[in-house]
Amino acid sequence: MADVLQVSALNVYYGESRILRDVDIRVEPGRITALMGRNGVGKTTLLKSIIGLLPARSGAVALGDRNLTGLAPELRARAGIAYVPQGREIFPKLTVEENLAMGLEARPGPRPKKIPKEEVYDLFPFIAKMEKRLGGNLSGGQQQQLAIARALLGKPKVLLLDEPTEGIQPSIVEDIGRVLEGLKAQGDLAILLVEQFLEFAKSLADTYTILDRGAVVEAGPISALDDEAARRYLAF
């Protein structure tokens, strides 16, 4: 499958502390993989390593037949990987419209002269009404939706989402869930979802991978995630 994200035997260190240990993960187009585990086990480190913000000591990151290992983050973005970090990181002093324009930087080929807003209006209707509002004046849930919309305007092949429901009101969590379901149904986007909200992850994901102490300890179809594994690796 051409645009499969494949992480192989990835080892990442902070100084001399080994954070990721021979991590393998595969994310396929038209599917959502839930990346799960307690706080501090390496989930965010893995996403940052995939997008290139953290260097790997060894191992590989590939998208389709292209090896991305060693490429700078902006080159990985142009290759088709979009990253929505925990905390969203929109530009608070830029308008909604200006934030969206930043997403076009990762778009392959010539940059459009105008923002193709129709690509995100249907997904996030509030954007059409708030284009001129400063990003910092949006609610947390609206900022999260804006961050996802900005990432999608880059026309990614892979979407990395780090805790998209954290601190978000339930109605917007439902909206984000519907958007992710719709994106999955289109069949051409691979989604890697870091999520602590177990029921949200189980309702969306096709497969799961659990990290513990920087290593993959369980993986498989989401239907195979049982209560024992959830208690052992996910309970706080």
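Since this is a predicted model, take the numbers as computed values, not measurements. (Residues numbered from 1 in each chain as written. Predicted model: local features only at pLDDT ≥ 70, side-chain atom pairs only at ≥ 80, totals over all residues. Heavy atoms only, no water.)

1. Describing the nonpolar core
Line of reasoning, step 1. Core analysis: the biggest nonpolar cluster contains 48 residues, and Leu159 and Leu180 have the highest contact counts within it.
Line of reasoning, step 2. Beyond its immediate stretch of four places on either side in the chain, Leu159 contacts Ala82, Val84, Ala151, Leu152, Leu183, Leu189, Ala190, Ile191 and Leu192.
Line of reasoning, step 3. If you look at the next biggest cluster of nonpolar residues, it comprises 26 residues, including Ile25, Leu47, Ile51 and Leu160. (Core = buried A, V, L, I, M, F, W, Y, C linked by side-chain atoms within 4.5 Å. Buried < 20%, exposed > 50% of the residue type's maximum accessible area, 1.4 Å probe, protein only. Contact = heavy atoms within 4.5 Å.)

2. Observations regarding the pairing of strand β3 (residues 32-36)
Line of reasoning, step 1. With respect to burial, β3 is a largely interior element, five of its five residues being buried.
Line of reasoning, step 2. Bridge count for β3 against strand β8 (residues 190-194) is four bridges, and the pairing is parallel. Paired with Ile32 across the strands is Ile191, a residue of β8.
Line of reasoning, step 3. The pairing of β3 with strand β9 (residues 207-212) spans four bridges and is parallel. Of the residues in β9, the one forming a bridge with Ala34 is Tyr208. (Helix = DSSP H or I, 4+ residues; strand = E, 2+ residues; numbered from the N terminus. Pairing = 2+ DSSP bridges.)

3. Side note on the packing of aromatic side chains
Line of reasoning, step 1. Going through the model one piece at a time under the given rule, you end up with one aromatic pair.
Line of reasoning, step 2. Ring geometry for Phe197 versus Phe200: centroids 6.1 Å apart, planes at 15°, classification stacked.
Line of reasoning, step 3. Taking NZ or CZ as reference, Arg57 lies 3.9 Å from the ring centre of Tyr13, over its face. (Phe/Tyr/Trp six-rings, centres within 6.5 Å; stacked < 30°, edge-to-face > 60°. Lys NZ or Arg CZ within 6 Å of the ring centre and 35° of its normal.)

4. Let's talk about helix α6 (residues 140-152)
Line of reasoning, step 1. With 13 residues, α6 extends 19 Å from end C-alpha to end C-alpha; this agrees with the ideal 18 Å at 1.5 Å per step.
Line of reasoning, step 2. Counting buried positions along α6 gives 12 out of 13 residues, so the element sits mostly inside the fold.
Line of reasoning, step 3. Every buried residue of α6 is accounted for by Gly141, Gln142, Gln143, Gln144, Gln145, Leu146, Ala147, Ile148, Ala149, Arg150, Ala151 and Leu152.
Line of reasoning, step 4. Of the surrounding secondary structure, the elements contacted by the buried residues of α6 are β6 (81-84), α3 (96-103), α4 (118-121), α5 (126-129), β7 (158-162) and α7 (170-186). (Expected span 1.5 Å × (residues − 1).)

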